[in-house]
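Survey of secondary and tertiary structure
Here's the letter readout for the chains.
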Amino acid sequence: VLGASAMVWRLAGEAGEALSRAEKALALAPPETRDRAYAEIEWGLVQVELGRAEAAAPVLAKAVEFLDAKYPRVSAPQADALSALARLRLEAKQPASALQMAERAAAFWRQANPESRWAARAEMTLADVLVALGRPAETGYRRAEELFAASRFPGDGERAKAAREAAHKAKLAQSPNPASR
């Protein structure tokens, strides 16, 4: 329950309160359990929101590794962790190592809840990775824009605008006519 409340506070843009609740969830979760992995994911996602990539990455990676080993099907928290790890790898200029993570996250959300803001986030991350690899990504950005525009979460309106701008840039980058750039 504390992990879920941490997520609610994080999504509301209240990272300080989210961190407090995520730390409490970590303190209460037994080691080597799904609950512990989920608490680690939420703690890591809050760290990402706070700009603490170096703290977040190893914790998120450990939680994903544990869940991959124990549970054959990807879960929503695991998909969010994969998406966050892909973004962190992208920021570290490692798009090739981000690709599989971004693809797994997007595939999960396409099946589990394709109309959600979480699907939008995963599509945007995958599109960013594809662009960094020099591959077409306009469709992913357009999908992310549509989903973010329909979301009522704080900041998603700005994310829709960013996706629209990224789609335009991706379209121009793939254009065979240099004059259209």
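Look a little higher up for the structure.
Quick notes on the rules
- Residues numbered from 1 in each chain as written.
- Predicted model: local features only at pLDDT ≥ 70, side-chain atom pairs only at ≥ 80, totals over all residues.
- Heavy atoms only, no water.
- Helix = DSSP H or I, 4+ residues; strand = E, 2+ residues; numbered from the N terminus.
- Rg over C-alpha atoms; globule rule 2.2 N^0.38 Å.
- Buried < 20%, exposed > 50% of the residue type's maximum accessible area, 1.4 Å probe, protein only.
- Contact = heavy atoms within 4.5 Å.
- Areas by Shrake-Rupley, 256 points an atom, 1.4 Å probe, with all protein chains shown as cover.
- Lys, Arg positive; Asp, Glu negative; His and termini not counted.
- Charge placed at Lys NZ, Arg CZ, Asp CG, Glu CD.
- Phe/Tyr/Trp six-rings, centres within 6.5 Å; stacked < 30°, edge-to-face > 60°.
- Lys NZ or Arg CZ within 6 Å of the ring centre and 35° of its normal.
- Salt bridge = Lys/Arg side-chain N within 4 Å of Asp/Glu carboxyl O.

1. Structural notes on the overall build of the chain
Tallying secondary structure elements over the chain gives nine helices and zero strands in all. Relative to its length of 181 residues, the chain is compact, with a C-alpha radius of gyration of 17 Å against a globular reference of 16 Å. Seen along its three principal axes, the alpha-carbon backbone of the chain occupies a region of about 60 × 30 × 30 Å. When the 181 residues of the chain are sorted by exposure, 43% land in the buried category. The long-range share in the chain, meaning contacts at least 24 apart out of those at least 6 apart in sequence, stands at 53%. Total accessible area computed for the chain in this model is approximately 9,700 Å², and 54% of it derives from carbon and sulfur atoms. Each charge class in the chain can be summarised by its mean position, and for the 26 positive and 23 negative side chains these summaries are 3 Å apart.

2. Things to note about the packing of aromatic side chains
Following the criterion strictly, the structure yields three aromatic pairs and no others. Pairing F108 with W109 gives two aromatic rings, centres 4.8 Å apart and planes at 85 degrees, and the pair type is edge-to-face. Per residue, the accessibility class of F108 equals that of W109, and both read buried. Judged by centre distance (5.4 Å) and plane angle (75 degrees), the rings of W118 and F153 are edge-to-face. In this pair, W118 sits in helix 7 (residues 117-132) while F153 sits in the loop between helix 8 (138-150) and helix 9 (156-174), placing the two residues 35 residues apart along the sequence. Pairwise contacts between aromatic rings join F108, W109, W118 and F153 into one cluster. Positioned above the aromatic ring of W118 is the side chain of R117, whose terminal nitrogen or guanidinium carbon lies 5.7 Å from the ring centre.

3. Examining the pattern of salt bridges
Per the counting criterion, the structure on display carries 13 salt bridges. Its salt-bridge partner being E40, residue R36 comes within 3.3 Å of it at the nearest N-O pair. Residue R36 and its partner E40 are located together in helix 3 (residues 34-49), separated by four residues, close to a single helical turn. Residues R164 and E145 are paired through a salt bridge, measuring 2.9 Å at the closest nitrogen-oxygen approach. In this pair, R164 sits in helix 9 while E145 sits in helix 8, placing the two residues 19 residues apart along the sequence.

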